[in-house]
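What follows is the residue order along each chain.
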Amino acid sequence: MDKNKLVIRKKSSLFNRTKRAVFLLFLWAITIYIIAINICFLFNIYSDGLVTNYLLFNLSLSIYKTLGTVIIVIAIIVSLYGTIKINKLKREVKNHDENNT
């Protein structure tokens, strides 16, 4: 049996793909907006709205440390889960090949 046939590929619906695309575009828009605010402050461009958003989006150092720690912990968990899942799939393919020979 071909190993590629063991992988189940499900094609996402157009609605789900559109929903993901809109969500990612929204996240990128927020990111670009935050960067633009910081660049405005670097070039001494101020307004009431920019100051408000700058204070809103620029967190304190302790929150940055906490956020960084959370991101590192999540990355480690995802890496461990991915490694375990890939090894499990490799064992299943090996057992499948042994049973068919």
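Just so it is clear, the model here is predicted, and its values are computed rather than measured. (Residues numbered from 1 in each chain as written. Predicted model: local features only at pLDDT ≥ 70, side-chain atom pairs only at ≥ 80, totals over all residues. Heavy atoms only, no water.)

> Honestly, the overall build of the chain in this entry has me stumped. Any pointers?
A count of helices and strands for the chain gives three helices and zero strands. Reading the secondary structure of the chain in the N-to-C direction produces α-α-α. For the chain, with 101 residues in total, the buried portion stands at 4%. In the form shown here, the chain has an accessible surface area of approximately 9100 Å², with 70% of it arising from carbon and sulfur atoms. (Helix = DSSP H or I, 4+ residues; strand = E, 2+ residues; numbered from the N terminus. Buried < 20%, exposed > 50% of the residue type's maximum accessible area, 1.4 Å probe, protein only. Areas by Shrake-Rupley, 256 points an atom, 1.4 Å probe, with all protein chains shown as cover.)

> Can you walk me through the packing of helix H1 (residues 14–42) against helix H2 (residues 48–57) in this structure?
To characterise two packed helices, one gives the angle between the axes of the helices and the distance between these axes. The N-to-C vectors of H1 and H2 enclose an angle of 120 degrees; their axes lie 10 Å apart at closest approach. The hand of the H1/H2 crossing is left-handed. On the side of H1, the interface is formed by Tyr33, Ile34, Ile37, Asn38, Cys40 and Phe41, while H2 contributes Leu50, Val51, Asn53, Tyr54 and Phe57. (Axes fitted to C-alpha atoms, helices over the stretch in contact; angles between N-to-C directions. Left-handed = near helix turned anticlockwise from the far one by under 90°. Contact = heavy atoms within 4.5 Å.)

> Would you mind showing me how to read the environment of Ala36 here?
With respect to the helices and strands, the residue Ala36 is situated in helix H1. Here the alpha-carbon distance between Ala36 and Leu50, two residues 14 residues apart in the chain, equals 9.7 Å.

> Where do I start with the confidence of the model for the chain in this structure?
Should pLDDT be low for a region, the predicted coordinates there are not to be read in detail. Summary statistics for the chain give a mean pLDDT of 82 and a share of 87% for residues scoring 70 or more. At the low end of the mean pLDDT range in the chain sits H2, at 79; at the high end sits H1, at 88. (pLDDT = per-residue confidence, 0-100.)

> What is the right way to read H1 from this model?
Helical geometry note: an α-helix holds 3.6 residues per turn, so side chains three or four residues apart project in the same direction. Here H1 contains 29 residues, and its C-alpha end-to-end distance of 42 Å stays within 8% of the 42 Å for a straight helix at 1.5 Å per residue. Asn44 occupies a position one or two residues after H1 and carries a positive phi of about 60 degrees. (Expected span 1.5 Å × (residues − 1).)

> Whenever I open this one, a positive patch on the surface confuses me. Can you help?
A cluster of basic residues, Lys10, Lys11, Arg17, Lys19 and Arg20, forms a positive patch at the surface. Inspection of the secondary structure puts Lys10 in the segment before H1. Residue class for Lys10 comes out exposed when judged on its relative accessible area of 75%. (Patch = residues over 30% accessible without salt bridge, like charges linked within 9 Å, V, L, I, M, F, W, Y side chains within 5 Å. Salt bridge = Lys/Arg side-chain N within 4 Å of Asp/Glu carboxyl O. Lys, Arg positive; Asp, Glu negative; His and termini not counted. Charge placed at Lys NZ, Arg CZ, Asp CG, Glu CD.)

> Explanation requested: unusual backbone geometry in the structure shown.
Trans is the common state for peptide bonds, and a negative phi is the common state for residues other than glycine. The phi angle at Asn44 is positive, at roughly 60 degrees, despite the residue not being glycine. Mapped onto the fold, Asn44 is located in the loop between H1 and H2. Look at Asn44 and you get exposed, because its relative accessible area is 54%.

> Would you mind going over a nonpolar patch on the surface with me for this structure?
A surface patch of nonpolar side chains, about 740 Å² in accessible area, is lined by Phe23, Leu24, Phe26, Leu27, Trp28, Ile30 and Ile32. Looking at the secondary structure, you find Leu24 in helix H1. On the accessibility criterion, Leu24 (48% relative accessible area) is partly exposed.

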